[in-house]
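# Structural features, examined
The chain contents come next:
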Amino acid sequence: MVVVKQVLISVSDKSGILEFATGLHQLGVSILSTGGTAKMLTEHGVPVTEVSEYTGFPEMLDGRVKTLQPKIHAGILARRDLPEHVATLEKYHIPTIDLVVVNLYPFGATVANPDCTIENAIENIDIGGPTMVRAAAKNYRHVAIVTDANDYGSILTEMRDNGCTISGDTCFDLAKKAFSHTAAYDSAISNYLTSMNTDGTRSQYPAQINFNFIKVQDMRYGENPHQNAAFFRDLNAVPGGIASYTQLQGKELSYNNIGDADTAWECVKTFDRPACVIVKHANPCGVAIAEEPLSAYKLAYATDPTSAFGGIIAFNCELDANTAAAITSNQFVEVIVAPSVSEDARQIVAAKQNVRLLTVPLFKSHNQYDLKRVNGGLLVQSPDILDIQAEQLRVVTKAQPSAGQLQDLLFAWRVAKYVKSNAIVFCKDGRTLGVGAGQMSRVDSTRIATIKAHNAACNLADSVVASDAFFPFRDGLDVLNEAGARAVIQPGGSVRDDEVIAAADEHGLVMVFTGCRHFRH
């Protein structure tokens, strides 16, 4: 437990600090503060002692030295339970500082500016701030440290309710938060500086890369029951990612639920019309666009009803009552994701208590890096956000695509991007008809896609096909032609492109090249 008699406030972001300082003053707490913060508090009638007056030393070196002084740090670091520490404070007439309120120079925001120079970045590396934060956090049994403005209200409430004291549990929680705060700050500095070249240019990837994640939840287990797991959210998570979900109902999310929901959500976000994506074991097994979500769901489900059992369903538009009723009466579903859910739909899904119902803001934003952990290392790449448009396609066959085929080819290409390689996707009229995923041979993926379509009674006549990478041989073309497809979209680039194009011409197929592939491993 910490009895707060004196507080030191030094904040770059002054949001909420006036109200907090006013509340501390009303509780009888003496306030120390640095230049800019002290000036603002004084202007608003809050009594404050400026640090330079308190220490007897002015701020110097253009503000680089403000709080780096024994009277500050001894007052923070002294252990109140050690007589020799107390005696030292008395000998040098140093009062204790019981509460430290600090947030740091905005280094991250500074270097995010494309016009930022190395000189600007260096001057926005805080020295005194992190030193005070770490000192107070180290001495958390005797000092409370606040680095987050969101904690101001709860700290004031606790002090008002408990005679100006802060509990040991609260101080420990604040210390953990403070060390995490300085770790993230130092990570940002390291990432920036190790990406800088001697000529002043900046590399895309730093020489040492640091990431910061906060735990959202422990999970019952990982991919399998004998593995333990937890879910962590990026401290700098982009808006609109699955990590920003709000769970409206249902069982706790599992490791596999979140992984599959991410695939479904990222895929469904790529469509402008109302769309539905059903994912099972990391692969879309049904995708469709329509005028409203119910039709999109029915078409997506019809692609592969067997695989849709126990799947993840995502929509890029509000989940309405009719769609919710169709899903819950038609199939077993693990997770439903949508940007919003109508009240009637919520009541319908509530009848299925175990169904996990999530809302996620609909933003087409992307992570800066795509990561894959390997034993002893980390693979880092830019995210696959390339979105091919019709004018970028190159027709390589004698047959030319119709307007309808062109739209379906682009639709199929978007779906194939989210299917594990080797990926083959049959589509027609804005819906999938058969999906072949994850095979070592592309012709096997083609055969599997046709088998799945046949099993679901999906007619492949006049369909289009997307292949995530080039056809290395003509055999894949022969299989999809026999199945009834009339147009193909693929990257091209094989040494046997001429042979494959000749096969397409032989069958009277349309073939277009994208010039890029979408491997997904």
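Calculation notes
Every chain's residues receive numbers from 1 upward, in the order its sequence appears when written. It should be noted that, the model being predicted, local features are given only for residues of pLDDT at least 70 and side-chain atom pairs only at 80 or more, the latter also being counted only at that level, while totals for whole chains, interfaces and linings use all residues. Hydrogens and waters are ignored; side-chain quantities use all the structure's heavy atoms. Put simply, buried Ala, Val, Leu, Ile, Met, Phe, Trp, Tyr and Cys residues joined by side-chain atoms within 4.5 Å make one nonpolar core. The buried label applies to any residue whose accessible area, calculated with a 1.4 Å probe on protein chains only, is under 20% of its type's maximum; exposed applies above 50%, and partly exposed to all values in between. A run of H or I in DSSP counts as a helix once it spans at least four residues, and a run of E counts as a strand once it spans at least two, with each numbered from the N terminus. In this description, contact between two residues means that some pair of their heavy atoms is separated by no more than 4.5 Å. Whenever a nitrogen or oxygen atom comes within 3.5 Å of another N or O atom, the pair is scored as a polar contact, on the condition that within protein one atom can donate a hydrogen and the other can accept it, and that pairs from neighbouring residues in sequence are kept only if both atoms are in side chains. Criterion for a salt bridge: a side-chain nitrogen of Lys or Arg within 4 Å of a carboxyl oxygen of Asp or Glu.

Glancing now at the nonpolar core. Membership of the largest hydrophobic core comes to 54 residues, with the highest contact counts inside it found for Ile9, Phe20, Leu24, Ile76, Leu99, Val100 and Val101. With seven residues, the single largest contributor to this core is helix α10 (residues 168-193). Leave out the neighbours within four places in its chain, and Ile76 touches Leu8, Ile97, Val100, Met132, Ala135, Ala136, Asn139 and Val143. Residues Leu253, Val360, Ile388 and Ala423 belong to the second largest nonpolar core, which totals 47 residues.

Okay, the side chain of Ser10 next. Mapped onto the secondary structure, Ser10 falls in strand β2 (residues 6-11). Side-chain polar atoms of Ser10 contact the side chain of Thr34, separated by 3.0 Å. Beyond its immediate stretch of four places on either side in the chain, Ser10 contacts Thr34, Thr37, Val101, Val102, Asn103 and Met132.

It is worth spelling out the pattern of salt bridges at this point. In the structure shown here, the tally under the stated rule is 17 salt bridges. Between Asp304 and Lys452 there is a salt bridge whose closest N-O contact spans 3.1 Å. Of this pair, Asp304 sits in the loop between α12 (293-303) and α13 (305-308) while Lys452 sits in helix α17 (residues 442-455), placing them 148 residues apart in sequence. Where Asp444 meets Arg447, a salt bridge forms, and the shortest distance between an N and an O atom there is 3.3 Å. Within this pair, Asp444 and its partner Arg447 are both found in helix α17, separated by three residues, close to a single helical turn. The partly exposed category is assigned to Asp444, whose relative accessible area is 33%. Connected through shared salt-bridge partners, Asp148, Asp151 and Lys177 make up one network.

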